[in-house]
Amino acid sequence: MNELPFYAVLGHPIAHSRSPRIHAAFANQTGRPLRYEAIEAPLDGLAATLQRLRAQGLRGCNITLPFKPEALALAQRASERARRAGAANTLGWDDAGQLWADNTDGQGLVNDLLERAGFALAGRHLLILGAGGAVAGCLAPLIAAGPASITLSNRSADKVQALIERHADLGVPLHSLPWGTAPAHAFEGVINGTSTALGGGQLQLAPGLFAPEAWALDMVYGPAAAGFLQAAQAQGARVRDGLGMLVEQAALAFEAWQGLRPDTAPVFAALRAEVPQAC
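Report on the accompanying structure.

## Some remarks on the nonpolar core
Here is step 1 of the chain: Formed by 26 residues in total, the largest nonpolar core has its most connected members in L109, L142 and I150.
Here is step 2 of the chain: Of all elements in the fold, only α5 (105–117), β7 (125–129), α6 (133–144), β8 (149–153), α7 (157–167) and β11 (210–218) reach the threshold of two or more residues within this core.
Here is step 3 of the chain: If we ignore the near neighbours within four places in the chain, the residues touching L109 are C138, L142, I191, L217, M219 and M245.
Here is step 4 of the chain: Among the nonpolar cores identified, the runner-up in size contains 21 residues, and I63, L72, A75 and W93 belong to it.

Rendered as structure tokens:
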């Protein structure tokens, strides 16, 4: 009997990952059985781990913290969105044995915002908090959705400027807002990509961020998103965490490997029942 096609998610740490369950659900739904494992790679050993797993039959993998920039550097070819992000969360080998890289985080976010949440992007003024890897991975797909403008705010202003320069040719006005400063105008959508919640901290939001009927999304999900979502809700925003983004980015990776897109709705519903939104 042939062994099942082998896929994995690599990170450090990785035990918390829901990716094996998500991809098992996609495989069952589409009739494409596979083996998908969560594997912890040493902090200085991503390349060696990939080489070892490839020798064991690995066909593709997802990459999570802290390896996304290194994953892109190891690839022999990369998608435009991975190059713009400076990071990859999806790897695979083509028929010629070349390692390719993609970044599905941003498109996963956009798909969740538009298709599941029904939050408008086109023609809207958006604010993104943070300028790290999560934000870098999402900026180009958000621009492609056609907002009127995107403003970035981060404690380190140089990181904001670097992101703006890397995406300045994509046709949407990009602005910076000093961290903690009240804006000159309100925003119709605000995305939190900072790591404040992951460290158990409380994110302080400046007054006047949200326009009437604005929405707010935190890229993390569950209790880690509570601080930002509660603060945004207190200013009248409709709120959403990042669970849908997690499922949608996984679906795009599955499609890249298998050639067909799974139905994300039942997978999201099952996870949502287990991990209620914090508010």
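Let us keep going from here.
## With respect to the pairing of strand β2 (residues 35–40)
Here is step 1 of the chain: Pairing between strand β1 (residues 6–11) and β2: six bridges, direction parallel. For G11, the partnering residue across the bridge sits in β2 and is E40.

## Considering the sheet that holds strand β4 (residues 77–78)
By definition, the strands of a sheet pair up through backbone hydrogen bonds, in either a parallel or an antiparallel sense.
Here is step 1 of the chain: Read across the open sheet, the six strands follow the order β2-β1-β3-β5-β6-β4; overall the sheet is mixed. The open sheet is flanked by β2 and β4, the only strands paired with a single partner.
Here is step 2 of the chain: Those strands touched by helix α2 (residues 46–55) are β1, β2, β3 (58–63) and β5 (90–93), and its axis lies near 150 degrees from that of β3.

## Some points on the sheet that holds β11
Here is step 1 of the chain: Spatially, β9-β8-β7-β10-β11-β12 is the arrangement adopted by the six strands of the open sheet, whose pairing is parallel. Whereas interior strands pair on both sides, the edge strands pair on one side only; in this sheet they are β9 (174–176) and β12 (238–240). Strand-to-strand twist of the sheet, defined as the mean angle between neighbouring strand axes without regard to direction, takes the value 20 degrees.
Here is step 2 of the chain: In this sheet, β11 lies alongside strand β10 (residues 187–192) in parallel orientation, the contact comprising five bridges. Looking at the pairing, G189 lines up with W215 of β11.
Here is step 3 of the chain: Set on the sheet, α7 makes contact with β8 and β9; between it and β9 the angle comes to about 170 degrees.

## What to know about the packing of aromatic side chains
For any pair of aromatic rings, the description consists of the separation of the ring centres together with the inter-plane angle of the planes.
Here is step 1 of the chain: Taken as a whole and assessed by the stated rule, the structure comprises four aromatic pairs.
Here is step 2 of the chain: Judged by centre distance (5.7 Å) and plane angle (65 degrees), the ring pair of F26 and F254 falls under edge-to-face. With F26 in helix α1 (residues 19–30) and F254 in helix α9 (residues 243–258), this residue pair connects regions lying 228 residues apart in the sequence.
Here is step 3 of the chain: Among the aromatic residues, ring-to-ring pairing joins Y7, Y36 and W257 into one connected group.
Here is step 4 of the chain: A cation over a ring is seen here: R35 above F6, with NZ or CZ 3.9 Å from the ring centre.
Here is step 5 of the chain: Between R116 and the ring centre of F268, over which it is positioned, the NZ or CZ distance is 4.5 Å.

Calculation rules
Residues numbered from 1 in each chain as written. Predicted model: local features only at pLDDT ≥ 70, side-chain atom pairs only at ≥ 80, totals over all residues. Heavy atoms only, no water. Core = buried A, V, L, I, M, F, W, Y, C linked by side-chain atoms within 4.5 Å. Buried < 20%, exposed > 50% of the residue type's maximum accessible area, 1.4 Å probe, protein only. Helix = DSSP H or I, 4+ residues; strand = E, 2+ residues; numbered from the N terminus. Contact = heavy atoms within 4.5 Å. Pairing = 2+ DSSP bridges. Axes fitted to C-alpha atoms, helices over the stretch in contact; angles between N-to-C directions. Phe/Tyr/Trp six-rings, centres within 6.5 Å; stacked < 30°, edge-to-face > 60°. Lys NZ or Arg CZ within 6 Å of the ring centre and 35° of its normal.

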